[in-house]
Amino acid sequence: GNEEAITEDNKNANETNTVSIMLDWYPNAVHSYLYVAEEKGYFEEEGIDVDIQFPANPTDPLTLAASGNVTMGLYYQPDVIAARANEDIPVKSVAAIVREPLNRIVYRSDDPINSPKELEGKRVGYPGIPVNEAIVKTMVEYDGGDYEKVDMINVEFELGSSLISEQVDAVSGMYVNHEVPVLRSEGYTVDFINPVDYGVPDFYEIVAVTSDETWEKEQENIEAFWRAARKGYDFMIENEEEALEFLLDYQDEVNFPLEKEIEAESLSILLPKMKSEQGFGSQEKASWEETADWLKENGVIEEIPNIEDIFVNIE
Amino acid sequence: MNGEQNKKLALQFKNVDFHYRNAAGEIPILKNMNLSVADGGFVSIIGASGSGKSTIFRLIVGLEERTGGSIYLNEKQVADRPGKVGYMPQQDLLMPWRTVLQNAALPLELQKENHLDRGTVQNLLEAFGLKGYEDKYPHELSGGMRQRVSFLRATLSGSNVLLLDEPFSALDAMTKLFMQEWLLEQWEQQQSTILFITHDISEALFLSDRIFVITETPFTTLKEIEVPLERPRRQHDLDKKEVAELKNNLLEQFRMRV
Amino acid sequence: MNGEQNKKLALQFKNVDFHYRNAAGEIPILKNMNLSVADGGFVSIIGASGSGKSTIFRLIVGLEERTGGSIYLNEKQVADRPGKVGYMPQQDLLMPWRTVLQNAALPLELQKENHLDRGTVQNLLEAFGLKGYEDKYPHELSGGMRQRVSFLRATLSGSNVLLLDEPFSALDAMTKLFMQEWLLEQWEQQQSTILFITHDISEALFLSDRIFVITETPFTTLKEIEVPLERPRRQHDLDKKEVAELKNNLLEQFRMRV
Amino acid sequence: MKNYLYSIILITIFLFIWEAGARFVDTSFILPAPAEIAMKIWELKAELLLHHLPITLAVIAIGLGISLVLGIILATSMNISKTLEQAIYPVLITSQTIPIIALAPIFVLWFGYSIWSKVIVTIIITFFPITVSTFDGFRSASKELKELFQTLGASKRQLFFKLEVPSALPSFFSGLKVAVPMSVIGSAIGEWLGAQAGLGYFSRRMMTQFNGAGVFAPIVVLSLIGILLFTSVVLLEKFILKWRRS
Amino acid sequence: MKNYLYSIILITIFLFIWEAGARFVDTSFILPAPAEIAMKIWELKAELLLHHLPITLAVIAIGLGISLVLGIILATSMNISKTLEQAIYPVLITSQTIPIIALAPIFVLWFGYSIWSKVIVTIIITFFPITVSTFDGFRSASKELKELFQTLGASKRQLFFKLEVPSALPSFFSGLKVAVPMSVIGSAIGEWLGAQAGLGYFSRRMMTQFNGAGVFAPIVVLSLIGILLFTSVVLLEKFILKWRRS
Ligand SMILES: Nc1ncnc2c1ncn2[C@@H]1O[C@H](COP(=O)(O)OP(=O)(O)OP(=O)(O)O)[C@@H](O)[C@H]1O
Ligand SMILES: Nc1ncnc2c1ncn2[C@@H]1O[C@H](COP(=O)(O)OP(=O)(O)OP(=O)(O)O)[C@@H](O)[C@H]1O
Ligand SMILES: [Mg+2]
Ligand SMILES: [Mg+2]
């Protein structure tokens, strides 16, 4: 019995040591707290090894978290609900990272779209993430237009290149804090519409998703991970500049070049949207319910799933 | 000085020069060569491998350009020879995607000035023992039948001169004997002039009026041998003493060269 | 009643039955067939195409299983015949990836009980006119040379019985004559028994002591003909009156069948 | 039919194991069972066959059509001009050793999300087998037959249509039989890169929605297209090359 | 060398037109000039060759290696057992007409971003040519030679190693020459679908960053790998099949 216990322990130790997390996009200011925690050794203090991965396809963070290929993925609140409701995929959110939409409908300034109704007959690119369809549909219909007349095109990651090469007239899925300033700094003039102004609820833009099975098996690790991440967040709000430096130091110059100024601006936009009275990462049932209602109204889901199963707050 | 002198000449080479050219330089084959074949004759050419037999044919049909001298066909020097003689190459060369009829009638399709009509073709098909096989494809025929289609095609080129380059070398020994007799029969009916290349001395003796022997390359004249046999002939005529002697002489000549 | 009776028998068929089987049913080839070949003899088998010549060989080497009767090799009934006779098929069947030496020495590699050594092979290579070509690949050889390599391979199987299935049919007429003389020379030196299939009557007459003629299929006995010629022979011996007559008889027999 | 008995048994066993395995694993978004896929096809039949299929078929038809036209023109030109052959043929062969298809994402920038970016991918993947096999077909015309035609005084035109074209047909069909399944693959890959409809697109979309059976369903339809197109080519070949029937 | 003169001229003209065109269009993220690409390769040489190249090479090597092992085992089994042949061969041929590669996205679900999802794509794309060509090679062993071996009392083992294997080699090498460029394509496609590094991944990555030259640079490296691998196979073939040298 003694021997068995030891091997069990060892096994646990091995399993629990690594936590993999797939980012929602390539690294930028919104991920600074993770790099802070890594650099400052917070993860190490918690006894975990963190493997940060970037998605090759925009939808991979959720699918790979659901299939257990990564411990967690950063994804979008509405899509977690849809997965649970439509296909009964056992996934749940363990933390809310960004509490308001960052997503904008972006267009070229020289080919302006004054209101969502004007998207009729236009080509709208999106990264294949289903929530964008719900967003555009809500906005167009809110504005009195016909969504059926909008040409939605899955452009995968090529949001920026398809917009400026005029292959599409507008894109959904660009973030106001990052992609938009990046485009502008490259010398392209673009403008955007905020979905929240046209009937889209104030959903959590980014949440951390894991599968029920992973949660059961690795709950301790995930909790440890978020304790460390919270320390990183706390450090970040106190030392914005320094936190950005960690990100910029860590960045992969060739793969993911970042502009310091853009990221600084981005972080200043992000911080208020990440802040919560209940503590970084906490989630409110009301937000989940409101978002689920919105999805049901728009026919994205047919039945509202049990909200209790969808998220869990980590103390 | 003999009877042939009065006959028209079907083919004549006058001082013809020819050489191939390759990386190493010129390979002379014909040097100032003279040759004449009377109309209606059956003439064989024998010689060792590589001695230039096929080259003579290629010059006649115009696949190679002579470097000097002139070649006369039916006593006219024809500038543009292609299409003027019937040529039956060594392999039967039938097109697998054409039926027997379509293969045989190829010259009629290609030559504007060919005046043979389909009726003639039908008659000849029968004469060549191909009746009932018109719509078969070549792969459905035996080797001997394929040779007959090929020969029919050469005949239909409408020329009085037929050049046959080792036509029977791919046949087995017994089919070959049968085809030889058949060829003679056809030749007697068609009244054409035949030039026949072969490696097989018995074959040359059995078929020809005269045999040209290539003894060296390049050559200027060909050694000419009259075959001492009357027509019609049978295979066992070859066993006659003077023919047998002739054959053994020729054999001895080639033995050293193989 | 003649001298041969005292000689050992190299090969004997006793009441052998054989039929092929296909979708349409059985195709009988041998019916209660008897045949014997004396040691050291040169025997040819001639017959029309499809009459069953190759089948006889396939039975001897064990590629087909007889349905009745027995086959004796050197007066012993051998159960597992493969490897017991030298077999030279119609095509030369050399392996393109092996040199002349490697091709010829194949039997030594495959047969454990083969007692020939490399020295013997070297000597034979010389006897077969292949000296200096040991390391050449088959595609670098002429047709006649390839046939000699194939023959050497059959010889090296170490058996006193050699089966040759139309070995020269792919050669041109002159090379063929040369190879025939060469074959006789080798045979006289090797003291082996040769069974030789051919379509060519002159070839059979020139080479053999006796000729077996297949006149119908299925067959029970083969018509046997003694060749009235002494050895050594020359090509022109075939022009002797009695041989010529024999030849014409045989020809007449096959003429109807082609 | 009897010849395929063992194959049918093998496939049945395979499907059975798959079905059992899928039921055992019981996470249909990762491994849907065959029965589930069949039901999904039935359920989505209108969507698949009326909406996505025509779009993919259009890509295949246009892509293959352009490949055929370009390939045949190029092969014919190389056949006519020795200089063209010496210039183009080695480039063509070398191009096969390099992964041009990896440039596909940039074609989207050039041709947009219209049908053309997918057509280009299909052309890239089918152009080579068609061109090279057609050209090799022309070259296979026997030299001896060519000379025979010359001795019969055939014109270049007659030589081409009566000898070189029929000689090239068998090899051309071999190339086509390679190209047809490739065109199906090309259209699917093209649709990954950005599309709004089509079977390849639909399959990936189903994946983002955790609909495992939905991922497989369009692929099954694509496979049927592949088999159908291939069979048509084989039948056409049999009809045109009827002289090859033994 | 002189034989390739026209090809070299053609490629030079092509590059020249490309360079001129690119300078004229002047939007390098859509159409980078060759000179720009060359400079980019030089600039990124460490990144490309030390970081991404080894990862892609590993995918190619493992994928091709597994294909070879499985393909040769399967071809040999089909050669030994007639039943296996009748069961597997038709399935294999039919599988070629269906776009299995379109299922690639689901492999990412099965294997994550590990090397295996890419290896599987590479195997799928290279397995068929290797298996079928090896098997066809075995079948090409002449029936007459087989009979000759039998008459010489050869064992099954001798028949296999001394006749069937040498007979299969030319066809095997033809298959390998098809498979090798395919493996490069397979690794690139695999990397689109899920990777953290590798040349195919890097090319797509550059695309989202408006870096046109960066899109082409890794593809040029991939092409060089393709050409190099292909040339190695040709040399190996020449060495092993030296009897084919005229
Ligand atoms: N195109 C060519 N270029 C260079 N040399 C050639 C060419 N064609 C033939 N020769 C050479 O010319 C010589 C005569 O060739 P030809 O084909 O006329 O011989 P042949 O007597 O018909 O021989 P065979 O009996 O083998 O058919 C040979 O030595 C051959 O190598
Ligand atoms: N495997 C087989 N199955 C069925 N019938 C066969 C088979 N092999 C040969 N035959 C038939 O048996 C007969 C004799 O064949 P065989 O090969 O012995 O003839 P052959 O005298 O050698 O002919 P050839 O001179 O053409 O070589 C032929 O009618 C042939 O069609
Ligand atoms: Mg010749
Ligand atoms: Mg036979």
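Thresholds, definitions, all that
What you see as residue numbers is a count from 1 along each chain, following the sequence as written. Chain letters start at A and ligand numbers start at 1, both assigned in the order the entries are written. Only residues with pLDDT of at least 70 are given local features in this predicted model, and only at 80 or more are side-chain atom pairs given and counted; all residues enter the totals for whole chains, interfaces and linings. Note that the side-chain values use all heavy atoms of the structure and ignore hydrogens as well as water. You can read pLDDT as the predictor saying how much it trusts each residue, on a scale of 0 to 100. To qualify as a helix, a DSSP run of H or I must reach at least 4 residues; to qualify as a strand, a run of E must reach at least 2; elements of each kind are numbered from the N terminus. Any two residues whose heavy atoms approach within 4.5 Å are treated as being in contact. If DSSP finds at least two bridges between two strands, the strands pair. The axes used here are C-alpha line fits, helices contributing only the stretch in contact, and every angle between their N-to-C directions lies in the interval 0 to 180 degrees. Orienting the strands away from the viewer, one traces the path from the first strand over the helix to the second; a clockwise path indicates a right-handed crossover. Between N or O atoms, a polar contact is any pair within 3.5 Å; within protein, one atom must be a potential hydrogen donor and the other a potential acceptor, and residues adjacent in sequence are included only when both atoms are from side chains. Pairing of aromatic side chains here covers Phe, Tyr and the six-membered ring of Trp, requires ring centres within 6.5 Å, and sorts the geometry by plane angle: under 30 degrees stacked, over 60 edge-to-face, intermediate tilted. A 1.4 Å probe rolled over the protein chains alone gives each residue an accessible area, and that area as a share of the maximum for its type sets the label: buried under 20%, exposed over 50%, partly exposed in between. A pair is scored as a salt bridge if a Lys or Arg side-chain nitrogen falls within 4 Å of a carboxyl oxygen belonging to Asp or Glu. Expected helix span is computed as 1.5 Å times (number of residues minus one). Directions from the helix axis toward the C-beta atoms define the arc. Superposing copies: least-squares fit, C-alpha atoms only, residues required to have pLDDT of at least 70 in both. One heavy atom within 4 Å of a molecule or strand is enough for the residue carrying it to be called near that molecule or strand. Here the Shrake-Rupley method, with its probe set to 1.4 Å, supplies the accessible areas, and only the displayed protein chains count as covering residues. Gly is placed with the polar residues, together with every amino acid not listed as nonpolar (Ala, Val, Leu, Ile, Met, Phe, Trp, Tyr, Cys and Pro) or charged (Asp, Glu, Lys and Arg).

Moving on: the confidence of the model for chain A. All names here are of chain A. Of the residues in chain A, 93% reach a pLDDT of 70 or more, and the chain-wide mean stands at 87. Mean pLDDT values over the elements of chain A span from 46, in helix α1 (residues 2–17), up to 95, in strand β5 (residues 103–108). In this model residues 1–15 is a low-confidence stretch, pLDDT under 50, and it forms one contact with partners more than four residues away in sequence or in other chains.

All names here are of chain A. Pairing is mixed in the open sheet, where five strands are placed in the order β2-β1-β3-β10-β4. Pairing within the sheet leaves two strands with one partner each, and these edge strands are β2 (49–53) and β4 (91–98). Neighbour-to-neighbour, the strand axes of the sheet open up by a mean angle of 25°, direction not taken into account. Where strand β3 (residues 72–75) lies against strand β10 (residues 206–211), three bridges are found, and the strand directions are antiparallel. Looking at the pairing, Y75 lines up with V207 of β10.

A few words now on the pairing of strand β7 (residues 151–154) of chain A. Residue and element names in this part refer to chain A. Pairing of strand β6 (residues 123–126) with β7, which is carried by four bridges, proceeds in the parallel orientation. Across the sheet, G125 pairs through a bridge with I153, a residue of β7. Regarding the hand of the β-α-β motif, the stretch spanning β6, helix α6 (residues 131–142) and β7 is right-handed.

Attention now moves to the side chain of Q158 of chain D. Take Q158 of chain D: it is sitting in helix α8 (residues 156–192). Within the local environment of Q158 of chain D, its side chain forms a polar contact with the backbone oxygen of L110 of chain B, the two atoms lying 3.5 Å apart. Here Q158 of chain D is in contact with E109 and L110 of chain B together with F149, G153 and L163 of chain D, once residues within four sequence places are set aside.

For the rest of this paragraph, the subject is the packing of aromatic side chains. Enumeration according to the criterion identifies 45 aromatic pairs over all chains in this entry. Ring centres of F42 of chain B and W187 of chain B lie 5.3 Å apart, and the angle between their planes is 85°; this geometry places the pair in the edge-to-face category. Note that F42 of chain B is positioned in strand β3 (residues 42–47) and W187 of chain B in helix α6 (residues 173–190), a separation of 145 residues in sequence. The exposure classification of F42 of chain B matches that of W187 of chain B, with both residues buried. Aromatic side chains F107 of chain E and W110 of chain E sit 5.7 Å apart centroid to centroid with 55° between the ring planes, which places their arrangement in the tilted category. Here W110 of chain E and F107 of chain E lie together in helix α5 (residues 104–111), a separation of three residues that amounts to about one turn. You can call W110 of chain E partly exposed: its relative accessible area is 33%.

Going through the model one piece at a time under the given rule, you end up with 58 salt bridges over all chains. A salt bridge links E85 of chain E to R139 of chain E; its shortest N-O distance comes to 3.5 Å. On the criterion of sequence distance, the pair formed by E85 of chain E in helix α4 (residues 82–96) and R139 of chain E in helix α6 (residues 115–140) is long-range, its members being 54 residues apart. Judged by its relative accessible area of 14%, E85 of chain E is buried. Each of R58 and E64 of chain B together with K143 and E147 of chain D takes part in salt bridges that share partners, so that together they form one network.

Another aspect to go through is helix α1 (residues 5–25) of chain D. Taking 1.5 Å of rise per residue, the 21 residues of α1 of chain D would be expected to cover 30 Å, and the 30 Å separating its terminal C-alpha atoms lies within 8% of that figure. S7, W18, E19 and A22 of chain D are the residues of α1 of chain D that are buried. Across the axial projection of α1 of chain D, the buried residues extend over an arc of 105°, all falling on one side. Facing away from the buried side of α1 of chain D by more than 90 degrees, the exposed set consists of F16, I17, R23 and F24 of chain D. Along its buried surface, α1 of chain D packs onto α2 (34–43) and α10 (212–240) of chain D together with α4 of chain E. Once α1 of chain D ends, the next one or two residues include D26 of chain D, with phi positive near 55°.

What follows is about the pairing of strand β8 (residues 193–197) of chain B. Residues and elements named next belong to chain B. Burial analysis of β8 places five of its five residues in the buried class, which makes it a mostly covered element. What you see with β8 is no split at all: T193, L195 and I197 on one side and I194 and F196 on the other are buried throughout. Pairing of β3 with β8, which is carried by four bridges, proceeds in the parallel orientation. The residue bridging F42 from the neighbouring strand is I194, located in β8. Here strand β7 (residues 161–165) pairs with β8 via five bridges, running parallel. Counted as the bridge partner of L162 is I194 from β8. Following the backbone out of β7, through α6 and into the adjacent parallel β8, one traces a crossover that is right-handed.

Glancing now at helix α1 (residues 53–61) of chain C. All names here are of chain C. Where burial is concerned, most of α1 is hidden: eight out of the nine residues are buried. Within the sequence span of α1, burial applies to K53, T55, I56, F57, R58, L59, I60 and V61. Of the residues one or two after α1, G62 is the one with positive phi, at around 90°.

Rotating chain E by 180° about the axis while translating it 0.0 Å along that axis superimposes it on chain D, leaving an RMSD of 0.2 Å. Taken together, these values place the two copies in the relation of a two-fold axis. Relative to the rotation axis, the C-alpha of I189 of chain E is the closest in chain E, positioned 4.5 Å from it. Of the residues that chain E buries at the interface, 98% are likewise interface residues in chain D, meaning the two copies contact each other through the same surface.

All right, on to the site of ligand 2 then. All names here are of chain C. Contacts to ligand 2 come from 13 residues, most closely from S49, G50, K53, S54 and T55. Between S49 and ligand 2, the recorded distance is 2.6 Å, taken from a side-chain N or O atom to an oxygen atom. Here K53 contributes a side-chain N or O atom positioned 2.8 Å from an oxygen atom of ligand 2. In the complex, 63% of the free accessible area of ligand 2, which totals 640 Å², lies under the protein chains. Elements represented by at least two residues in the shell around ligand 2 include exactly β2 (25–38) and α1. The leading source of residues in the shell around ligand 2 is α1, at three residues. Classifying every residue of the shell around ligand 2 gives four nonpolar, seven polar and two charged.

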